Amino acid sequence: MSPPLAPPGWSRWLVPPAALSVHLSIGQAYAWSVFKPPLESALDLSGTQSALPFQLGIVMLGLSAAFGGTLVERNGPRWAMTIALICFSSGFLISALGAATEQYWLIVFGYGFVGGIGLGIGYISPVSTLIKWFPDRPGMATGIAIMGFGGGALIASPWSARMLDSFGDDPTGISLAFLVHGLTYAVFMSLGVLLVRVPRSEKPAGAAPGADAGPAADAGPGAAAGPGAAAGPAALQGVQVSARNAVRTPQFWCLWVVLCMNVTAGIGILEKAAPMITDFFADTSTPVSVSAAAGFVALLSAANMAGRIGWSSTSDLIGRKNIYRVYLGVGALMYLLISQFGDSSKPLFVVCALVILSFYGGGFATIPAYLKDLFGTYQVGAIHGRLLTAWSLAGVLGPLIVNWIADHQESAGKSGSSLYGLSFLIMIGLLVVGFVANELVRPVAARHHIPAPRESKESTDVQQRQQSA
Amino acid sequence: MSSSDSSPPDRRPLIVLSWLWVGLPLGYGVYELVRKATQLFTG
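Note that the structure is a prediction, hence the values are computed from the model and not measured. (Residues numbered from 1 in each chain as written. Chains lettered and ligands numbered in written order. Predicted model: local features only at pLDDT ≥ 70, side-chain atom pairs only at ≥ 80, totals over all residues. Heavy atoms only, no water.)

(A) Just the overall build of chain B, in detail. For chain B, the count of helices and strands is three helices and zero strands. Of the regular secondary structure in chain B, the N- to C-terminal order runs α-α-α. Counting over 43 residues, chain B shows a buried share of 23%. Roughly 3000 Å² of accessible area belongs to chain B as shown, and the carbon and sulfur atoms make up 66% of that amount. (Helix = DSSP H or I, 4+ residues; strand = E, 2+ residues; numbered from the N terminus. Buried < 20%, exposed > 50% of the residue type's maximum accessible area, 1.4 Å probe, protein only. Areas by Shrake-Rupley, 256 points an atom, 1.4 Å probe, with all protein chains shown as cover.)

Spelled out as C-alpha cells, the structure:
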C-alpha cells in the first residue's frame, strides 16, 4: 500500500482527528479493569488470571511498536491504521467468541495477542505523519494524539461499565459487550483510515529546491493549505538518521533511560493511587473515604491527559531538553515533598501527585518531538516504536517497586505513609538518573546521518525511497 | 478552465465533522471524569 498523498488544499487540521480516532480507541486498554470482576465471576478466574489479557496486550504493544515501526514507515499511516483497526477489532471479536464458549484462552489470545498488535501499530501509526504536517509545532501535534490514548480510557471505562450493566455479567452478556466494542471501534477508527494523508512535499531538502513546501505550516484551524502549498509543509530538512543507525547512538539510549525513569516514577503513583491516599491519611482527623479515593484516581487521570497536551505543547516553546529537566527535576522535588510533608497536608499531597502525573503524561507525549529534533523526520515513527520498549520495562518496574516495598513494610509492622517512604526515595533516585541521562543528550554525530541528498544520484535514491515506499 | 474550477474544495465542513467525531466521545469521557473527580471533595 502506498502512503496516501494529500490532494491540493488538504488541511493539516484533518490529521489530528484521524490520529485521535485511533488513539481514543486503543486507549481503551487502560479500562480493561472494568471487565475483570465480571470475567472472574463468570469464568471462575483469579485476579492474576483476569489481568492476563491486559498484560499480554501491553507486552505486544511494546513488541509490535518496536518491530513493526519500520513497516509503518515504509507502508505509511493508512496501512498502519488499517492494521490497527483490523487487529484491535478482531481482538474483541475473538474475545466475544471466547466468552460465549467460555474458552478463556481465546480471550487472552484475542484481546492480548491480536488486539495487542493493534495497540502497538496504532500507537505509532500517526506519529511521524503528524510531525511532518506540523514541523513548527511537533510537540503540540503529537501531544494531541497521545492525549487521545489517555482519553480512551476515560470514554471506555463508563461506557463499558454501563454496557455490562445492561447486558449482564454472565458469559453471554460479556460476549455481547465484547462484540459491540469490536464493531463500534471498527467504525470509529475507520475515520482515521479514511482521513489520514501524508504531505506531498516529503522530499529531502535540497533535492528539489523550492519544492512545494508551502505556507501551510502557518495555517490555522479551518484554513486549508492553499493550492500553492500543495498540501505539504514538511520537507526533510536538517539531520536525518535511519532507525537502524539511531539505535546505535548514545542519544537513543539516553532517551530510552529518560523515558523509562519518567514512566516508572509516574506509574509508581498511578498503580497504587487509591490505597496510597487512604493509607496516608488513615490516622489523621480527616481520613479519605473510598469514594473520595476514587475521585482522586479520576483527578490523576485528568492530570495525566492534560499533561500530554499541555506540557508537550510547552516543549515547542522552551525546548525538549528543558521540558525534560522540568519533568525529571521538579518531579523529584514533588516526590521529596510528598515523602517529607505529604501526610501533614492533603492539598499538598494531591497537588504534588497531580504534578507528577502531568509530567508522566507529558513525558510520553514529548518524546516523539525530542526524537524528531535529534534524528529528523526520516524514520521517526520507527525510532519511536523502538523507544517504547522502555515503557514495557517501566510498566513492570514501577508497580513492582511500589507493591513489593509496601508489602514488605506492612509485614514489618509499619502502616500509613511509612509504607511508601522507601518507594518514594527510590523514585527520586530514578528521576535523578533520568535527569543525568537527559543532560548527556548531545546532537547526533555526523557519521550516523543518512547521506545528504544533494548529489543527483543520492537525491534520486532517497526520493524514490520516500515516494515509492 | 476558470480559476474557480481549479480551486480546491472547501474542507471546513469536513474539519468540523471530523473534530466532532472525536470530540463528542471525548467530551462524554471528560464529563464522567469530572463527575467522579468531584467525589474527592464531596465524598
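(B) Looking closely at the overall build of chain A. A tally of helices and strands in chain A yields 18 helices and zero strands. Here chain A holds 469 residues, and the buried ones make up 58% of them. Across chain A, contacts joining residues at least 24 apart in sequence account for 82% of those joining residues at least 6 apart. A total of about 16900 Å² of accessible surface is found on chain A, and carbon and sulfur atoms cover 65% of it. (Contact = heavy atoms within 4.5 Å.)

(C) Geometry of unusual backbone geometry. Residue and element names in this part refer to chain A. Backbone geometry places Asp44, a non-glycine residue, at a positive phi of 55°. Structurally, the position occupied by Asp44 is in the loop between helix 2 (36-43) and helix 3 (47-75). Exposure remark for Asp44: the relative accessible area of 71% places this residue in the exposed category.

(D) Main features of the confidence of the model for chain B. Residue-level pLDDT values for chain B average 84, and 84% of them are 70 or greater. Looking over chain B, one finds the lowest element-wise mean pLDDT in helix 1 (residues 3-6) of chain B, namely 54, and the highest in helix 2 (residues 12-37) of chain B, namely 93. (pLDDT = per-residue confidence, 0-100.)

(E) Structural view of the interface of chain A and chain B. Residue-level contacts link 40 residues of chain A with 23 residues of chain B. In total, about 2600 Å² of surface goes out of reach between chain A and chain B, with carbon and sulfur atoms giving 79% of it. Applying the counting criterion to the chain A and chain B interface returns one salt bridge. Between chain A and chain B we count three residue pairs in polar contact (both at pLDDT 80 or more) in total. For the side of chain A that touches chain B, the secondary-structure elements that each account for two or more residues are helix 1 (15-26), helix 7 (138-167), helix 8 (171-195) and helix 12 (290-318) of chain A. Considering each element in turn, the side of chain A that touches chain B owes the most residues, ten residues, to helix 12 of chain A. Partitioned by chemical class, the residues of the side of chain A that touches chain B number 30 nonpolar, nine polar and one charged. (Buried area = accessible area lost by both parts, 1.4 Å probe. Salt bridge = Lys/Arg side-chain N within 4 Å of Asp/Glu carboxyl O. Polar contact = N/O pair within 3.5 Å; in protein donor to acceptor, adjacent residues only side chain to side chain. Nonpolar A, V, L, I, M, F, W, Y, C, P; charged D, E, K, R; others polar.)

(F) Representation of a nonpolar patch on the surface within the structure. Residues and elements named next belong to chain A. A contiguous nonpolar surface patch, about 390 Å² in accessible area, is contributed by Leu93, Phe167, Leu176, Leu179 and Leu183. The element best represented in the nonpolar patch is helix 8, accounting for three residues. Secondary-structure assignment places Leu183 in helix 8. (Patch = residues over 30% accessible without salt bridge, like charges linked within 9 Å, V, L, I, M, F, W, Y side chains within 5 Å.)

(G) Local environment of the confidence of the model for chain A. Residues and elements named next belong to chain A. Within chain A, residue pLDDT values average 86, and 88% of them lie at 70 or more. Residue range residues 203-230 is modelled with pLDDT below 50. Its contacts to residues more than four positions away, or to other chains, number 59 contacts. A low-confidence stretch, residues 455-469 stays under pLDDT 50, and its non-local contacts, those more than four residues away or across chains, total 20 contacts.

(H) Representation of the packing of aromatic side chains in the model. Residues and elements named next belong to chain A. Here the structure, examined in full by the defined rule, presents 34 aromatic pairs over all chains. Relative to Tyr111, the ring of Phe92 has its centre 5.5 Å away and its plane inclined at 75°; by these criteria the two rings are edge-to-face. Highlighted residues: Phe92 in helix 4 (residues 77-100) and Tyr111 in helix 5 (residues 104-124), separated in sequence by 19 residues. Comparing Phe92 with Tyr111 shows no difference in burial state: the two are buried. Consider the rings of Phe92 and Tyr185, whose centres lie 5.9 Å apart with planes at 25°: the pair is stacked. With Phe92 in helix 4 and Tyr185 in helix 8, the pair connects residues that are 93 residues apart, well separated along the chain. Exposure class is identical for Phe92 and Tyr185. Each is buried. Residue placement shows Arg197 over the ring face of Trp10; its charged tip is 4.3 Å from the ring centre. (Phe/Tyr/Trp six-rings, centres within 6.5 Å; stacked < 30°, edge-to-face > 60°. Lys NZ or Arg CZ within 6 Å of the ring centre and 35° of its normal.)

(I) A look at the pattern of salt bridges. All names here are of chain A. Throughout the structure, instances matching the rule amount to nine salt bridges over all chains. Across the pair Arg137 and Asp136 runs a salt bridge whose closest N-O atoms are separated by 3.6 Å. Notably, a salt bridge pairs Arg325 with Glu439, separated by 2.6 Å at the nearest N-O pair. On the criterion of sequence distance, the pair formed by Arg325 in helix 13 (residues 320-341) and Glu439 in helix 17 (residues 421-439) is long-range, its members being 114 residues apart. In this structure, a network of salt bridges that share partners links the residues Arg12, Asp136 and Arg137.

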